[in-house]
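Chain by chain, the residues:
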Amino acid sequence: RHSMPTTVTKTIGTGGDYTTLQAWEDASPANLVTVDQIWQGQCFNQEFFSSGATLLNVSGSTTDATRYKELTTYTGASFMDNVSVQTNALRYNASNGAAIRNTYTWGGPVTVNENYFRISKLQILAGTATAFNGYGTTGLVMDKCIVENSGVSNEALKTYGSGTVKNTLVVGRSTGVVALLSNGTSAYNCTFTRTGSS
């Protein structure tokens, strides 16, 4: 009889188990299937920011549908948990909850090249680059996120491979394509919007 995988929870942020998103990723086991684990990172209520680099590059671990990496928020740290959630404008605002942002021209804040990665309850903002780039992935799940950029030639959200995006807001604050969901990615209960005219 196969038991449930063990969820290994680590906090990310000032005073957490890891101070950066990448340090959490780098510390994960190389084979989550063998160790029978879900490697979960919980972001504190703060903004993770860089002007010159990708903040999180997920890759290199062996995963499957029940043993994978998952990035979410610490208890009460999401924009969804904000005391004024019913009246807050639904857009990227780091003062409302845990957020990931960069202004790097050559790469957005989050890049995923690993199967079955899950992300939820986070806000992600790029300048002109793709804010969330999920390439070469199977089984990616994004739930309850806000993803934005201002790129003319780069989409705010990009996936290459079968996956699911649900309950998520994707905003292009320019005239470019808002999202590129390819090779079997499905979207449910999402809003895709562009604020620039084109």
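Because the structure is predicted, anything quoted here is derived from the model rather than measured.

Considerations on the overall build of the protein
- When its secondary structure is counted, the protein shows 2 helices and 18 strands.
- Expected size for 198 residues packed as a compact globule is a radius of gyration near 16 Å; at 16 Å, the protein falls within 12% of this value.
- Structurally, the protein occupies a C-alpha span of about 55 × 35 × 35 Å along its principal axes.
- Residues classed as buried in the protein amount to 49% of the 198 residues present.
- For the protein, the proportion of contacts with a sequence separation of at least 24, taken over those separated by at least 6, is 57%.
- A total of about 8,900 Å² of accessible surface is found on the protein, and carbon and sulfur atoms cover 47% of it.

Side note on the sheet that holds strand 1 (residues 6–12)
- Across the sheet, which stays open at both edges, the 7 strands sit in the order 1-2-5-8-11-14-17 with parallel pairing between neighbours. Each edge of the open sheet is held by one strand with a lone partner, namely strand 1 and strand 17 (185–188). If you compare each strand with its neighbour and ignore which way they point, the axes differ by 15 degrees on average.
- As paired strands, strand 1 and strand 2 (residues 37–43) are joined by 7 bridges and run parallel to one another.

Examining the sheet that holds strand 18 (residues 191–194)
- Ordered in space as 3-6-9-12-15-18, the 6 strands form an open sheet in which the pairing is parallel. Only two strands of the sheet have a single partner each, and these edge strands are strand 3 (47–50) and strand 18. Taking each pair of neighbouring strands and ignoring which way they run, the sheet shows an average axis angle of 10 degrees.
- Examined bridge by bridge, strand 12 (residues 146–149) and strand 15 (residues 169–172) share 4 bridges and lie parallel to one another. Bridged to V147 within strand 15 is V170.

Structural notes on the packing of aromatic side chains
- Evaluated as defined, the whole model comprises 1 aromatic pair.
- Centre to centre, the rings of F44 and Y74 are 5.2 Å apart; their planes meet at 85 degrees, and the pair counts as edge-to-face. You can see F44 sitting in the loop between strand 2 and strand 3 and its partner Y74 sitting in the loop between strand 5 (69–73) and strand 6 (99–102), a full 30 residues away along the chain.

Looking at the pattern of salt bridges
- Following the criterion strictly, the structure yields 8 salt bridges and no others.
- The salt bridge partner of D143 is K144, with a shortest N-O separation of 2.9 Å.
- For D143, a relative accessible area of 13% translates into the label buried.
- By relative accessible area, which is 28% here, K144 ends up partly exposed.
- Three or more residues joined by partner-sharing salt bridges are found here, namely E25, K69 and E114.

Focus: the environment of Q37
- Of note, Q37 is situated in strand 2.
- In the structure, Q37 is positioned 31 residues away from Y68 in sequence and 7.1 Å away in space, judged by C-alpha atoms.
- Beyond its immediate sequence surroundings of up to four residues, Q37 is in contact with P5, T6, V8, P29, L32, R67 and Y68.

Definitions and cut-offs
Residues numbered from 1 in each chain as written. Predicted model: local features only at pLDDT ≥ 70, side-chain atom pairs only at ≥ 80, totals over all residues. Heavy atoms only, no water. Helix = DSSP H or I, 4+ residues; strand = E, 2+ residues; numbered from the N terminus. Rg over C-alpha atoms; globule rule 2.2 N^0.38 Å. Buried < 20%, exposed > 50% of the residue type's maximum accessible area, 1.4 Å probe, protein only. Contact = heavy atoms within 4.5 Å. Areas by Shrake-Rupley, 256 points an atom, 1.4 Å probe, with all protein chains shown as cover. Pairing = 2+ DSSP bridges. Axes fitted to C-alpha atoms, helices over the stretch in contact; angles between N-to-C directions. Phe/Tyr/Trp six-rings, centres within 6.5 Å; stacked < 30°, edge-to-face > 60°. Salt bridge = Lys/Arg side-chain N within 4 Å of Asp/Glu carboxyl O.

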